[in-house]
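# Summary of structural features
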Amino acid sequence: MALPALMAELVEEILLRLPPDEPEHLFRAGAVCKAWRRILLDDSGFRRRYCRFHRKHRPLLGYVHNVSLREGVQFVPTTTFLPPPPPAAASYSYRAIDCRHGRVLIDTSECGPPGFIVWDPTTGDQQHLRFPAHAQENLSSFTGAVLCAVDGCDHLDCHGGPFLVVCVGGRCTEGTHAVGVENTWASVYSSQAGAWSAQTSSIDYYVAAREPSLLIGDALYFAVCSTAILKYDLSRHGLSLIETPRTSYKSVPIDIDGGLGLVEPYRNWIYTWSQQDDGANGVGGWLQHNVVKLETLIPTRRRVIWPPYNSDDVIRFVEGTDTVLFSLNNYCIDQGVFTLDLKSRKVRKVAETWHRHILPYTCFYTPDLAMGKQLSPR
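Note that the structure is predicted; figures quoted are calculated from it, not measured.

Our focus in this paragraph is the confidence of the model for the protein chain. Summarising the model, the protein chain shows a mean pLDDT of 82, and 82% of its residues fall at 70 or more. Within the protein chain, no element has a lower average pLDDT than helix α5 (residues 367-370), which sits at 76, and none a higher one than strand β12 (residues 214-216), at 96. Per-residue pLDDT stays below 50 along residues 372-378; that stretch engages in 17 contacts with residues further than four places along the chain or on separate chains.

Laid out in structure tokens, this is it:
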């Protein structure tokens with residue numbers, strides 16, 4: 001005698017509890033029977049409930065990095081998710097410079113007139129835009145950020161909606177380039193308006209680095225050099241400069257409980273820095289905290305050499321989580337790419353080879369989003 005089928009409501013409650021860190025789980029569940037597949041493809045209704053249920057565990061699907069000037073942008077999966085090929089230039093390289101809310105921002109200035117591509121790896125959508133008109137001439141350095149433009153959005157499922165692109169650029173003032181002083185400004189592109197805003201009042205600072213930005217609340221933070229972070233206030237449309245401590249090794253901006261912090265690798269340790277209200281604490285208003293000694297978490301027969309000798313780019317913060325992505329090196333041999341939860345101290349290996357200029361990509365990927373796309377083979 002055949003067992004009675006489970007009610008659709010019970011099946012959905014079971015499917016909701018499948019862990020989001022591996023999209024293959026949902027795809028396999030959808031292959032069980034037509035009834036289960038119907039639930040998973042229920043006009044995005046299941047996806048919205050699934051995202052909210054796992055809102056504190058945004059999955060890292062992989063990371064984007066720039067291979068070389070000629071080879072361009074590459075996506076490296078850390079799960080079975082494999083997106084459509086990233087945008088490719090006919091000659092010279094595109095360069096990924098930021099990643100957030102399911103989108104990747106790609107600089108196309110090496111291929112002609114300066115501009116950006118906003119690429120959604122899960123849907124394959126690409127939107128091209130030119131730099132603001134006031135930035136077309138005498139632009140000596142720039143960086144950018146992309147983010148969702150929907151008011152009140154929880155950023156769990158931002159695909160296809162309006163977005164903003166923030167361009168921070170620098171123009172050398174006459175006679176000041178030798179000492180590294182620029183007029184640095186910001187301008188915002190709205191996909192809804194299809195236009196760039198007027199540029200902000202400029203500040204005298206040189207945008208020396210093109211590191212990924214960090215979004216905390218209504219502010220974007222750009223690590224423009226080793227001892228300063230540029231803050232752009234989205235609501236007030238203004239720029240300001242934040243001095244950072246001189247760390248022993250290259251540090252990366254992170255979100256610490258809704259406030260600006262830093263994470264730094266040094267001598268087999270990972271440290272964090274937090275801003276202090278009283279400048280007497282820490283160095284210049286910053287306080288250092290020991291987080292973890294890597295040798296206690298990652299067994300090895302030899303002493304772990306951290307970081308690699310040939311790179312200062314070995315750690316990235318996974319925005320929207322408490323996780324960092326980092327590389328380990330053992331006597332010049334790449335030990336792979338790992339994630340570390342800064343609160344639970346859990347470590348997981350997610351890839352074999354570290355690449356420079358990594359942009360972690362987090363997104364909920366469900367069968368209705370795939371729409372016939374295939375998962376990558378194991």
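For the rest of this paragraph, the subject is the environment of Leu 15. By the element assignment, Leu 15 lies in helix α1 (residues 8-16). It is 7.7 Å that separates the C-alpha atoms of Leu 15 and Ala 29, two residues lying 14 residues apart in sequence. In this structure Leu 15 touches Leu 26, Ala 29, Trp 36, Ile 39, Leu 40, Phe 46 and Tyr 50, once residues within four positions along its chain are discounted.

Our focus in this paragraph is the sheet that holds strand β13 (residues 219-225). Spatial strand order, β12-β13-β14-β15: 4 strands in an open sheet with antiparallel pairing. Where the open sheet ends on each side, the last strands, each with one partner, are β12 and β15 (238-243). Pairwise comparison of adjacent strand axes, ignoring direction, gives a mean angle of 30 degrees for this sheet. With 6 bridges connecting them, strand β14 (residues 228-233) and β15 associate as antiparallel partners. When the bridges of β15 are listed, Ala 228 appears paired with Glu 243.

Looking at the element boundaries, Thr 200 is found in the loop between β10 (195-196) and β11 (203-204). Classification of Thr 200 by relative accessible area gives buried; the value is 5%. Discounting chain neighbours no more than four positions away, the residues touching Thr 200 are Trp 185, Ala 186, Tyr 232, His 237, Gly 238 and Leu 239.

Along the chain, Lys 343 turns up in the loop between β22 (333-341) and β23 (347-351). In the structure, Lys 343 is positioned 52 residues away from Val 291 in sequence and 8.6 Å away in space, judged by C-alpha atoms. Setting aside its immediate chain neighbours within four residues, Lys 343 contacts Asp 257 and Asp 322.

Evaluated as defined, the whole model comprises 14 aromatic pairs. The interplanar angle of 85 degrees and the centroid separation of 6.3 Å between the aromatic rings of Tyr 50 and Phe 364 together place this pair among those described as edge-to-face. Of this pair, Tyr 50 sits in helix α4 (residues 45-53) while Phe 364 sits in the loop between β24 (359-362) and α5, and the two are 314 residues apart along the sequence. Members of the aromatic cluster, each reached through a chain of ring pairs, are Phe 27, Phe 75, Phe 81, Tyr 361 and Tyr 365.

What follows concerns a nonpolar patch on the surface. Residues Leu 6, Met 7, Leu 10 and Ile 14 make up a contiguous nonpolar surface patch of about 400 Å² in total accessible area. Its location among the elements puts Leu 10 in helix α1. Owing to a relative accessible area of 41%, Leu 10 belongs among the partly exposed residues under this scheme.

What follows is about the pattern of salt bridges. Oppositely charged side chains can form a pair if their charged atoms are brought close together. Evaluation of the coordinates by the stated rule reveals 10 salt bridges. Note that Lys 343 and Asp 257 form a salt bridge whose closest N and O atoms lie 3.2 Å from each other. One end of the pair, Lys 343, is in the loop between β22 and β23; the other, Asp 257, is in the loop between β16 (252-256) and β17 (259-266), with 86 residues separating them in the sequence. According to the relative accessible area criterion, Lys 343 is exposed, its value standing at 53%. The network of salt bridges with common partners includes Asp 98, Arg 100 and Glu 319.

Core analysis: the biggest nonpolar cluster contains 26 residues, and Tyr 221, Leu 260, Ile 270, Val 324 and Phe 326 have the highest contact counts within it. For Val 324, the residues in contact, after removing those within four places along its chain, are Val 263, Ile 315, Arg 316, Phe 317, Val 318, Phe 338, Thr 339, Leu 340 and Leu 342.

Conventions we followed
Residues numbered from 1 in each chain as written. Predicted model: local features only at pLDDT ≥ 70, side-chain atom pairs only at ≥ 80, totals over all residues. Heavy atoms only, no water. pLDDT = per-residue confidence, 0-100. Helix = DSSP H or I, 4+ residues; strand = E, 2+ residues; numbered from the N terminus. Contact = heavy atoms within 4.5 Å. Pairing = 2+ DSSP bridges. Axes fitted to C-alpha atoms, helices over the stretch in contact; angles between N-to-C directions. Buried < 20%, exposed > 50% of the residue type's maximum accessible area, 1.4 Å probe, protein only. Phe/Tyr/Trp six-rings, centres within 6.5 Å; stacked < 30°, edge-to-face > 60°. Patch = residues over 30% accessible without salt bridge, like charges linked within 9 Å, V, L, I, M, F, W, Y side chains within 5 Å. Areas by Shrake-Rupley, 256 points an atom, 1.4 Å probe, with all protein chains shown as cover. Salt bridge = Lys/Arg side-chain N within 4 Å of Asp/Glu carboxyl O. Core = buried A, V, L, I, M, F, W, Y, C linked by side-chain atoms within 4.5 Å.

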